[in-house]
Structures are given as C-alpha cells and as structure tokens.
Amino acid sequence: MSQYASLLIALPLFGAFFIPILKRISKSAVMPFLVLVTLIQTGIAAWVFNEVYITGKPIIIMAGGFRPPIGINLYIGHFAALFVLVIAVTSLLMTIFSFKAVSVEPKDKYAMLFLLLMLGATGMISTGDIFNLFVFMEITAISAYALIAYNKTGEASEAALKYIVLGGIGSSFFLVGVALIYGSLGTLNMAHIAQLAHLVNPTVAKAGLALLIFGLAVEAEQFPLNAWAPDAYQEAPHPVTAMFSAFVVKASLYAMGRVIYILSAVEGWSSILRLLIILGTLTVIIGEMSALRQNNVKRMFAYSSIAQVGLIAVGLALGTESGVSASVFHMFNHAIVKALMFLAVGYVAVELGGTEINKFEGLGKRMPVTAFAITVGAISIIGIPLFNIFWSKMQLILAALNAQYTWMVALILGASLVEATYYIRLIHTIWFKGEGEKVKESSVLALVMLLLVALIIVIGIYPEPFWNVMQKAGSDIFNVAQYIKNVPLMGVSP
Amino acid sequence: MVKRIFAIVFILIIGFWMAKALDQVPFGQDRMLVGKYYLEHVKEETGAVNAVTAVVVNYRGFDTLGEVTVLFIASTGVAALLWRKKRKRTAKTEGSVVLTTGARLLLPFIMLFGVYIFIHGHLTPGGGFPGGATIATAFLFLYLAFTVYEVDHKIFEPLEGLAGVGYVTVGLIGLAIGGYFLFDWIWQTWGIGKENIGRLLSAGFIPIIYTLIGIKVGTELTGIVDNMIKEPEEGGQ
C-alpha cells in the first residue's frame, strides 16, 4: 500500500504531460485542471503525512521493485512527509492566485511548467539517491528558468539568463561532486554512501562535499552565488515568486543538509560545516543590508527572504540535532510567512499596477485585508512574540548557544533589528501615509490570506505540537544511523 | 588588473585542490559495487543483452523518467518564451537542388534508421534518445530544404503529451500489477519472451518505453527547431 506514495511523483508528471492533449479538447479547461491536480496532490500528501507520523516509520518507495542500492529509492521520512505537504498546499494556494495574477499567454505552458516546478521540489525532498537528486534539481531549475522569463519583458529575460548561467555552473559543480563520490565508493544511494562514508579518502570527500555544497548553493541562494535571486524574484510571475521563496529554496537547503550529514563520518568534516556557517552568515548580513536600501517592496521581500535562508543554512551547519530542528522549524515558518507576503504583494501589484513603495501609501484604506496580511507577515518575520517566527528564531538562538556559537546570537538579533527597521517603515507607509479609493478585494484571495494569517497566529500561540513535529523532522536529517537502518539495503559491500 | 590576478590565483588554488582530490579517486579500479551486480544479474532480471539499456530503463528507470521530463521542460520553455499570436516562416530562398532532392530521397531512410535505433535499444547501442534525435534530424532537413515547410502542431503537441502520458501509465500499470512504480511487469510477472533473449521480442517493457521515449524526443526536438526557426509577423512583435 505504501508504494502508492509514488503517486506524489507520478501525478504531477501525468498532469503536465496531459495538458497538451487537454488543450486540444478545451483550452479553458487548463487552469481548472491545474487546480484539480494540485488538489489531488494535496490529498495524497496529507495521506502520506498522516501515514508517516502515525506509524513513525518512513515510507520507502522502490522504483521498479529493485532494492536499493541497485535501484533508486525514495525516502519519505518525517522531514519529507512534512515538506511534501507544505509544497502541495502552497502550490494549491498559488494555483488559485494564478487565476488572478497570470494573464500573459500561453497559459497552458505556464500550467505545465508550474506542475513541473512542484514536481521537481517534491522529488528533491523525497529522493534517496544522490544522482536522482541531481535529476530533480535540474527539473526544478530548468522549469524555474522558463517561469522567471515567462512575462517576456526585457528585465525578465535578463533575470532568467543570469540564473541560467549561475544555475548551469552550479549543476556542473554538483555533477562533478557526485562523480567524485561515485568514483571512490561505487554507489549512488545516499544511505549506502552514509554507510561507507568512513572509507572515502578525506581529501576526496571534502572536495566532493564542497562541490556539492557550492552546486546546491546557487539554488539555496547562499552568498557568493545568489546574485540572480533578487532580479528573478522581482521579475517572475507573482505566484512563482511565492513558490520560490516557500519551497524551491527550502528543497535545496534540505538537500544541502542531507548530503552534509550523510558524509558526517568523513575525517575533517567540521571544516565543511565551518564553510557553510561562513557562507550563511555572509548571506544574512548582505541580504539584510541590501533589503534596507530597496524602494521596490517585492525586491525588499526578496532580500529579506535571502537573509532568512542564510539563517536556516547557519542552523543546519551548527552540527547539532537542536540546530537542525530549529532550522527545519524556521524553514516551515518562513515558508508560511513568505507565501503569504508574496501573495499579498503580488495581489497589490495586480490591482494597483506595481510594487514600488509609493504604491503602498494608503494601502490600509484601499485594500484593508491585504494590508493586514502584509502587516502580520512583517511583524512575524521581525520576531515579535505570539507570532510563529519568534519561536523558530528563539530555537535557533538556543541551539547556537548550545553549540558554543555565542556570536550567532548577536547575528540573529542584529538581523531582527534591521528587519524591524525596514518592515516598520513599510507598515508605517501602509497605515499612516496617503489616502485612496477602496479597491474591491477578491473574497477567495482574502480567504486564502486570512487562512495563512490564522496559521501564523496559531503557531505563535501554540508552538508545542508544531515544535514536536519539527524535532522529528530534524532528527530525520541529523540521525544518519537511523537513516541507514531505515533503508532496506541489500548486501552489496566491498 | 588586481581583480584579474586575484581571480587567476583563486582559480589556480581551487584547481590544485581539485587535481589533488581527483588523484585520490581510484577511477578504473575494481570499486564497482553496484556495477558488478548489474553485470552479473542483468539477463535474468531484465532480459536485456545490452546492460547499459537495462540500467537506464530498468534499474535506474526513475532517472530516465526525470531526464525525459527535463527535455520536455526545455521544449515547453522554448515554446512558452517564443510564443506569439501569429508566427510564420521567413526564409527567402529554397535550398539548393542537392539539398531538396537529398531531403526528399533520404527522409524515409533517416526515419527508418531512427525507428530502428530505438526499437533495438535493448540489443544494440542506442535507444530512445538517439533514435528520437535522428528522427528530429529528418524534420530539420525538411525545414532547411523548403521555405514553406511546417510541422502540424495540432498533431505534434498532443503526440508529445501522449508519449509522456504513456510512459507514466506504463509505470502506473507496474504499480498496479507488481506493486512498484515502473515495475517491469511484462518480464517479471508475465515472463513473456524468456526463451527469446537476444532477439527483438524480449526484455519486457524496454522496447515499449524506448518507443515512447523515441516518439517523445523526436517530437520535442522538432518542436524546438520549429519554434526557433519561425519568426513573428511584422518583425519584432
């Protein structure tokens, strides 16, 4: 029965391949079909989540019926089950938003690329094979290139081209890294690699791991390789921006965490952690500093998103279980908040024709629900108590203290302070400046936004059950011994 | 200038480090854990004499499905970005006599060769990807030779989708019959072609999948050629 979880991959693929046929039958059926597919996907993801968290055992899907490491397996453990659900729900909400936000033709192509972006992220999170991870990374990246340029303006093409160049370099780094590891171990299965990690020559392992990290860093938006991100966020269609921030980045971050921890038996492993901590710290500092100077709100959110992603990377690189759990919690919270904020800012752009800061003057009177949503999101990101991100920042600080990184407390608090500066400036503009006609807000989108706001506040008030889930998800990444035990490896050994 | 020197030094350091790492990898030695297993079990488990094909379609079929998707995204992306309401061919001169005659004469043979490559994927080198690319070459030939030639999008786009849907469906039938996604039910459950190893009708679902991939790759690459060769009317917009 549990093998039916492979529908998580099969369904979006089937949907994407079916759209050209559907288009011949009826062109107007494409967007409703997209809703249908994401809705079913959400249903399957919810079932998988339920299954994994009730039994407490991961679902291992063996493609083709071959046992790993001979065949490829998907590993839907506590982390994957949680984030597959996040991906499906976000996609569903963004499909609804797409009705309003996407008017450029050809919409059937948009729908296909949308589904494949969702598929790519789902696959990256659930795969148990390092080359398969590369394939899904390519699926995610290439559909992202096309979606960024989808609006067909000059700026959009430029942003996409930047991303293509960097993404291409990143992918080849990743591939060389995989080749190094495969060359020294003769296997591609992640659990098998983890089992044999102590046999790899330390120089090779470190070089391979560094290549893998730099390859993934392009999509995880870590500092020297994230120059594409602000442009891409600004120019992509609004639902796509939200998906980027909510789960595409998270999938790459997870992949980073996973490849780092499966090679934790390697000699000199902690130097790789230090590398990632440096990258993450620089990402936070540069992201926050750049956000401070932006006049375009969507771009400001993009920089803020980059800074948060830096914090997540730092948490992953602490090398402790509580650090990883705190990171996962932050990923989850950030996914909700940024989905909400990019949705709201995109909706403003659709209604008022732009995202420059002066468009937001008097927004509190013109679009009260949207303004309320942005406000709640902003307050949450700053880290005010009773909102969800407060708890994950708190856990990050505690984890940093436990891991003897006292200066990181200053980093997190400093970042929050800078966030407070630019977000409060935005909130001030929204509520206390300018006047304007009231715009009629779409009730469906208002409902979606209020739903996400409610989620933010519920997590803010009752963090305990969520934190329990995150701890399980975190230990799924951190506890490699358990990971190896969970995968039914057949006895192929040197 | 300083920037450039810095970059060169940086590259040299990284290059040295990489070379050191590459030096330590025992490439070519007997470290093929999984590879050895494939070679020893390929015939009984998949029925293919071409072990590479068996690895591509059976053992790592999931990756192949992903690669097919990557190509599909590339073609969809090109179509999405070059989309205009009306586009047509703008070539001014026909190809030379050699080209037009050659295209007419060779067309069936190129197609036949492409089909041969993907149908015999489990026996000889090649498979769905090169076969499909060969077929697309035939269409490219037509585009180069004639100024008015265009493929019929009403047929090509649904055909591309249909091949993809077919691939996923084959995987889902495997899930229904054998309990695993992309399970080779024809070989492992039904055992068709067991006495036929090394001939055309063997190797379970490999020929079916390679035919689907061949059609898909052929239509996709043709679609990319078509999109890139046509230009919007009244120049620019």
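Criteria and cut-off values
- Residues numbered from 1 in each chain as written.
- Chains lettered and ligands numbered in written order.
- Predicted model: local features only at pLDDT ≥ 70, side-chain atom pairs only at ≥ 80, totals over all residues.
- Helix = DSSP H or I, 4+ residues; strand = E, 2+ residues; numbered from the N terminus.
- Buried ≥ 20, exposed ≤ 12 C-beta atoms within 10 Å, placed from the backbone.
- Contact = placed C-beta atoms within 7 Å.
- Core = buried A, V, L, I, M, F, W, Y, C linked by C-beta atoms within 7 Å.
- Nonpolar A, V, L, I, M, F, W, Y, C, P; charged D, E, K, R; others polar.
- Pairing = 2+ DSSP bridges.
- Expected span 1.5 Å × (residues − 1).
- Axes fitted to C-alpha atoms, helices over the stretch in contact; angles between N-to-C directions.
- Parallel < 35°, antiparallel > 145°, perpendicular 65-115°, else oblique.
- Left-handed = near helix turned anticlockwise from the far one by under 90°.

A. Structural detail: the overall build of chain B. Scanning chain B from terminus to terminus reveals nine helices and two strands. Each helix and strand of chain B, ordered N terminal to C terminal, gives the series α-α-α-α-β-α-α-α-α-α-β. Expressed along its principal axes, the backbone C-alpha trace of chain B runs to roughly 65 × 60 × 35 Å. When each of the 237 residues of chain B is scored for burial, the buried share is 40%. In chain B, the proportion of contacts linking residues at least 24 apart, taken out of those at least 6 apart, comes to 71%.

B. Focus on the nonpolar core. All names here are of chain A. The biggest cluster of nonpolar side chains holds 265 residues, and the ones touching the most others in it are V84, I148 and L340. At 18 residues, the largest contribution of residues to this core is made by helix 13 (residues 321-352). L340 has contacts with A373, G377, M449, L452 and V453, leaving out every residue within four places of it along the chain.

C. Quick look at the interface of chain B and chain A. In this complex, chain B contributes 50 residues to the contact, which on the side of chain A involves 52 residues. Listed by contribution, the elements that provide at least two residues to the side of chain B that touches chain A are helix 1 (2-24), helix 2 (33-46), helix 3 (51-59), helix 4 (61-81) and helix 7 (153-178) of chain B. Residue contributions to the side of chain B that touches chain A peak at 14 residues, all from helix 4 of chain B. Taken together, the residues of the side of chain B that touches chain A sort by class into 29 nonpolar, 13 polar and eight charged.

D. Layout of the pairing of strand 2 (residues 73-76) of chain A. Residues and elements named next belong to chain A. A two-sided burial pattern is seen for strand 2, the buried positions comprising N73 and Y75 on one face and L74 and I76 on the other. As paired elements, strand 1 (residues 59-62) and strand 2 share four bridges and run antiparallel to each other. Bridge pairing in strand 2 links I61 to L74.

E. Seen up close, unusual backbone geometry. Residues and elements named next belong to chain A. Cis geometry is adopted by the peptide bond preceding P69, which originates at P68 and carries an omega value of 5°. Its place among the elements puts P69 in the loop between strand 1 and strand 2. Even without being glycine, K152 reaches a positive phi, approximately 60°. Relative to the helices and strands, K152 is located in the loop between helix 5 (130-148) and helix 6 (154-185). K152 gets classed as partly exposed once you count the C-beta atoms within 10 Å, which come to 14. Of note, L386 is a non-glycine position whose phi angle comes to about 75°, a positive value. Among the structural elements, L386 can be located in the loop between helix 15 (368-382) and helix 16 (388-402). For L386, a count of 14 C-beta atoms within 10 Å translates into the label partly exposed.

F. Inspection of the environment of A:E435 at higher detail. Residues and elements named next belong to chain A. For E435, the location among the structural elements is in the loop between helix 17 (407-432) and helix 18 (443-461). Since 8 C-beta atoms lie within 10 Å of it, E435 is described here as exposed. For the pair E435 and G364, spaced 71 residues apart in sequence, the C-alpha to C-alpha distance is 8.8 Å. When sequence neighbours within four positions are dropped, the list of residues in contact with E435 reads G362 and K365.

G. Broad picture of helix 6 of chain A. In a regular helix each residue adds 1.5 Å, so 32 residues correspond to 46 Å; helix 6 of chain A covers 46 Å between its end C-alpha atoms and thus fits that length. Among the residues trailing helix 6 of chain A, A:G186 stands out with phi positive, at a value near 75°.

H. Representation of the packing of helix 11 (residues 269-292) of chain A against helix 12 (residues 297-316) of chain A within the structure. Residues and elements named next belong to chain A. Between helix 11 and helix 12, the least distance of the axes is 7 Å, while the angle of their chain directions is 160°. Relative to helix 12, the element helix 11 is oriented roughly antiparallel. The hand of the helix 11/helix 12 crossing is left-handed. Within the contact between the two elements, helix 11 uses L276, I277, L279, G280, T281, T283, V284, G287, E288, S290 and A291 and helix 12 uses M300, Y303, S304, I306, A307, V309, G310, L311, A313 and V314. Of the residues in the contact of helix 11 with helix 12, the class split is 13 nonpolar, seven polar and one charged.

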